[in-house]
Structures are given as structure tokens and as C-alpha cells.
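This is what each chain is made of:
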Amino acid sequence: MKLSFRWYGEDDPVTLEYIRQIPGMRSVVSAIYDVKPGEVWSEESLAKMKKTVEDAGLVFDIVESVPVHEDIKLGRNADELIENYCENIRRCAKYGVKCITYNFMPVFDWTRTQLDKKAPDGSTSLVMYWEQMKGLDPLKDDIHLPGWDSSYTQEEVRELITAYGKIGEEGLWKNLEAFLKKIIPTAQECGVRMAIHPDDPPYPIFGIPRIITTEENIDRMLAIVDSPANSLCLCTGSLGCALTNDIVRMTEKYAARDRIAFMHMRNVLVLEDGSFEECGHLSSGGSIDMYEITKALVKHGFDGYVRPDHGRMIWGETGKPGYGLYDRALGAAYINGLFEACEKALKD
Ligand code: DNO
């Protein structure tokens, strides 16, 4: 496996120098952040990113994310936007990128109700409590859930939600299919693996369709273009918010078929009413068995990218929720330990 760490560019309070000091760290996961979804990334920006990362002694070969414009997901005049997306794949490949992560979630990326829930040990983390979601209706109320893209006006959000309501799940599938059939051949030609991130959490929120949610739906998605270039970013924490998802089995199945390009490894504690709290990476802290997941990866010779996903805020650190240095670095150390133990056990 190739250990990696997400970095939000020059404005990230976590420096590349610190990232490099994490044992076993190899790749930096980043993106060009000053370009709107749907537009093409400049070669200068990519060249600069590559040089900055390499000068810090790390590798820039994985991108998260090239965002998918809403009009692609809605199938509205999408041709030029998809062509731009393909051009971004080509440009990334030219600068050494081997894997690109993206998602197909309508309107919003991840959904949480609070970003700084204090645990008994004093650490804080991201949570989603149904209690706090109750009664919210984005078509009626002005909703600003933490972490949501604030570049949309409430009017725009309403228009988008209504449009997604009209196309429904099958409409979204149709648009995903058209998108994949165009981008995957391009990715294949350039030697890039596209890694779709599951919906987080993996069920509809506010009645907006979400489709990358279950094993059955992931099977359907992977079958649209049956190629390792059409792969998964298997996010244990996102899929794991639904206890009906058997993450160990899914890891085993998709690793065996070489359809996992990227692993996001983190743990969540799912509560009785289906709410969830992000917790430390350790298996014993949450609902996910990180050891069994690693074992399944190692068993199938997984050589893709892995990154410790969201960490808690600990030791007084402040910064981007989920993306501080300390707890993610602890996560990386834990992941290193799991892999070493599983690899050695396999050789015995
Ligand atoms: C959350 C991340 C997601 C992910 C995108 C991929 O912290 O895991 O935002 O980067 O969904 O497109």
C-alpha cells in the first residue's frame, strides 16, 4: 500500500514538512483549489503543486477531488463540462497523477450536524445527530449545515434540490452512466484510476437521491465500465455509517477484483437511532473492524493508496475540522502497524 495524507495546499495549517515526518508517509493527496467545478485546471498550477510536493520529499500522484459539476449530475448541457473533466484527467496524468478521487453526491458532499462535539476525553470530532436534523427542510428553511458549500445561495440550493427531486435516483444513475462512459476510457488511456467516493452518509438526506451507498449499488456502478480505471475510493467511515453495509465483506470482494484504488481509513461509532460520531481510528473505539479490513486488503495484495481519514481534534489543535495533524498522524501510525502485522502474519 502507498501511505498518503490529505493536504489542502499552501493555506493548510498542516505543513508538508510535518507530513513528511510521519513514519512511512509517501504521497500527498491534494487538488487545485482555486478553480471552480467544471473548469479546467491550469498546467502551471499542476506543475507548481508537483514541484512543491517533491521539494518537500513527498510524491504528488493522487488527487482528491476533481469535483463533478452539478449540471453533469443533473444531465443538463453536460457535454462541454464532461470534456473539461476529461481534460483535467489528461493534465493530471501529465504531471504524474495515477489516481483521481471524486464523488457523485447531489448538491452537498458530507453531511454532519456538528463539527466540534466534545467527547469525555476532551477531544472534539464531527457528528451527525438525527435529533439535530429533525424538522429541517431545505426547501422551506435557510439551512447552513456545517461544512456545506457556502458558495450556493439558498435560492440556488432550492433550485438544485428541486431538480434532483425531479430526476430521482434513476435519473442520477443515467447521468452517472453517461459520465463514466466518457471519462473512464480517457482515464484508461492516461493510466489513471478513477476512484469514486461513497455518499456520506450512505442514505438519502432531505429526500435528495444518493446512489453510491450499498454493495448492490456499488456493484451496479462498477459494472457500468468493467475496468480497474473505474474503481472505488473505499471510505470505511462513510459506508460504515450504515450498519447494513458489511465493510469487511465489501473490502474483501472489491480488493479481490482489483477495484479499490484508494482507501480512506477511519472509524465511526454508530448510535442506536442511526446517528453517528467520528471517533479515533482504533477498532475498539467505534463500530468498524479496522483490523479485519486491513487483513482483507493484505490478503489480496492491495497496492493502492491509503490515507488516514478524518481525525479528531486533540492536544489543543485548531484547524480544519477532521483535518488536523495530530490525530490523523496517530491514524497513520495505526495503519502502518495494522499493515505490518497483517503482512508478516501472511508470510508465516
Ligand atoms: C471528506 C472527504 C470527502 C471527499 C469527497 C471526494 O472529508 O472524504 O469530502 O474528499 O467526497 O470527492
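Scope of this entry: the structure provided in the associated data block. (Residues numbered from 1 in each chain as written. Predicted model: local features only at pLDDT ≥ 70, side-chain atom pairs only at ≥ 80, totals over all residues.)

Some details on the overall build of the chain
Okay, step 1: Each helix and strand counted, the chain has 11 helices and 12 strands in total.
Okay, step 2: For 348 residues, the compact-globule formula gives about 20 Å, and the C-alpha radius of gyration of the chain, at 19 Å, lands near that figure.
Okay, step 3: Projected onto the principal axes, the alpha-carbon positions of the chain cover approximately 55 × 45 × 40 Å.
Okay, step 4: Relative to its 348 residues, the chain shows a buried fraction of 42%.
Okay, step 5: When contacts within the chain are restricted to residue pairs at least 6 apart in sequence, those whose partners lie at least 24 apart make up 72%. (Helix = DSSP H or I, 4+ residues; strand = E, 2+ residues; numbered from the N terminus. Rg over C-alpha atoms; globule rule 2.2 N^0.38 Å. Buried ≥ 20, exposed ≤ 12 C-beta atoms within 10 Å, placed from the backbone. Contact = placed C-beta atoms within 7 Å.)

Brief notes about the site of the ligand
Okay, step 1: Taken together, the neighbourhood of the ligand is formed by Glu64, Ser65, Thr101, Tyr102, Asn103, Asp109, Trp110, His197, Cys235, His264, His310 and Gly322.
Okay, step 2: It is strand 4 (residues 99-103) that contributes the most residues to the shell around the ligand, three residues altogether.
Okay, step 3: Its residues assigned to classes, the shell around the ligand comprises three nonpolar, seven polar and two charged. (Near = placed C-beta within 6 Å. Nonpolar A, V, L, I, M, F, W, Y, C, P; charged D, E, K, R; others polar.)

Remarks on the packing of helix 9 (residues 247-256) against helix 10 (residues 290-299)
Okay, step 1: Where helix 9 contacts helix 10, the two axes come as close as 8 Å, and the packing angle between them is 10°. Put simply, helix 9 runs roughly parallel to helix 10. Here Ile247, Val248, Thr251, Glu252 and Ala255 of helix 9 come into contact with helix 10, specifically with Glu292, Ile293, Ala296 and Leu297. (Axes fitted to C-alpha atoms, helices over the stretch in contact; angles between N-to-C directions. Parallel < 35°, antiparallel > 145°, perpendicular 65-115°, else oblique.)

Examining the environment of Ala261
Okay, step 1: Along the chain, Ala261 turns up in strand 9 (residues 260-265).
Okay, step 2: Taking the C-alpha atoms as reference, Ala261 lies 8.1 Å from Pro228; in sequence the two are 33 residues apart.
Okay, step 3: Among residues more than four places away in sequence, those in contact with Ala261 are Cys99, Arg193, Ala195, Ser231, Leu232, Cys233, Gly304 and Tyr305.

Focus on the pairing of strand 4
Okay, step 1: With four of its five residues buried, strand 4 lies for the most part within the structure.
Okay, step 2: Bridge analysis of strand 3 (residues 59-64) against strand 4 gives three bridges, and the strand direction is parallel. Bridge assignment links Glu64 to a residue of strand 4, and that residue is Thr101.
Okay, step 3: Relative to strand 7 (residues 193-197), strand 4 runs parallel, the two being bridged by five bridges. Pairing of Cys99 across the sheet is with Arg193, part of strand 7. (Pairing = 2+ DSSP bridges.)

Here's the deal with the sheet that holds strand 4
Okay, step 1: Spatially, eight strands are ordered 1-2-3-4-7-8-9-12 in a closed barrel, and the strand pairing comes out parallel. On average, each strand axis in the sheet is inclined to that of its neighbour by 30°, with strand direction left out of account.
Okay, step 2: Direction of pairing for strand 8 (residues 230-235) relative to strand 9: parallel, over a ladder of four bridges. Its bridge partner being in strand 9, Cys235 is matched across the sheet by His264.

Some remarks on the packing of helix 10 against helix 11 (residues 326-347)
Okay, step 1: Closest axis-to-axis distance for the helix 10/helix 11 pair is 9 Å, and the angle between their directions is 50°. Between helix 10 and helix 11, the angle falls in the class oblique. As for how helix 10 packs across helix 11, the hand of that crossing is right-handed. Residue-level contacts link Met290, Tyr291, Thr294, Lys295, Val298 and Lys299 of helix 10 to Leu338, Phe339, Cys342, Glu343 and Leu346 of helix 11. (Left-handed = near helix turned anticlockwise from the far one by under 90°.)

So, helix 9
Okay, step 1: Where helix 9 is concerned, the buried positions are Ile247, Met250, Thr251, Tyr254 and Ala255. Buried residues along helix 9 cover an arc of 120° about the axis, so they all sit on one side.
Okay, step 2: Looking at the buried positions of helix 9, the neighbouring elements they touch are helix 7 (215-224), strand 8, helix 8 (236-239), strand 9 and helix 10.
Okay, step 3: Looking at the residues trailing helix 9, positive phi occurs at Asp258, about 55°. (Arc of directions from axis to C-beta.)

A short note on helix 2 (residues 43-55)
Okay, step 1: With 13 residues, helix 2 should reach 18 Å at 1.5 Å per residue; the first-to-last C-alpha distance of 18 Å fits that figure.
Okay, step 2: Along helix 2, the residues that are buried comprise Leu46, Met49 and Val53. Along the long axis of helix 2, the arc covered by the buried residues comes to 60°, so they all point the same way. In helix 2, the exposed positions angled more than 90 degrees off the buried face are occupied by Glu43, Glu44, Lys51 and Asp55.
Okay, step 3: For helix 2, the elements touching its buried residues are helix 1 (16-20), strand 2 (27-30), strand 3 and helix 4 (79-94).
Okay, step 4: Downstream of helix 2 by a residue or two, Gly57 has a phi angle that is positive, lying close to 85°. (Expected span 1.5 Å × (residues − 1).)

Observations concerning the sheet that holds strand 5 (residues 114-118)
Okay, step 1: Here four strands make up an open sheet; going across it, the order is 5-6-11-10 and the pairing antiparallel. The open sheet terminates on both sides in strands that have one partner only, identified here as strand 5 and strand 10 (268-270). Strand-to-strand twist of the sheet, defined as the mean angle between neighbouring strand axes without regard to direction, takes the value 35°.
Okay, step 2: Relative to strand 6 (residues 124-128), strand 5 is paired through three bridges, and the arrangement is antiparallel. Within strand 6, the residue paired with Lys117 across the bridge is Ser125.

A few points about the pairing of strand 6
Okay, step 1: With four of five residues buried, strand 6 lies mostly within the body of the structure.
Okay, step 2: Two successive antiparallel strands, strand 5 and strand 6, enclose a turn made up of five residues, where Gly122 displays a positive phi of approximately 95°.
Okay, step 3: When strand 6 meets strand 11 (residues 276-278), the two strands line up antiparallel, connected through two bridges. Its bridge partner being in strand 11, Val127 is matched across the sheet by Glu277.

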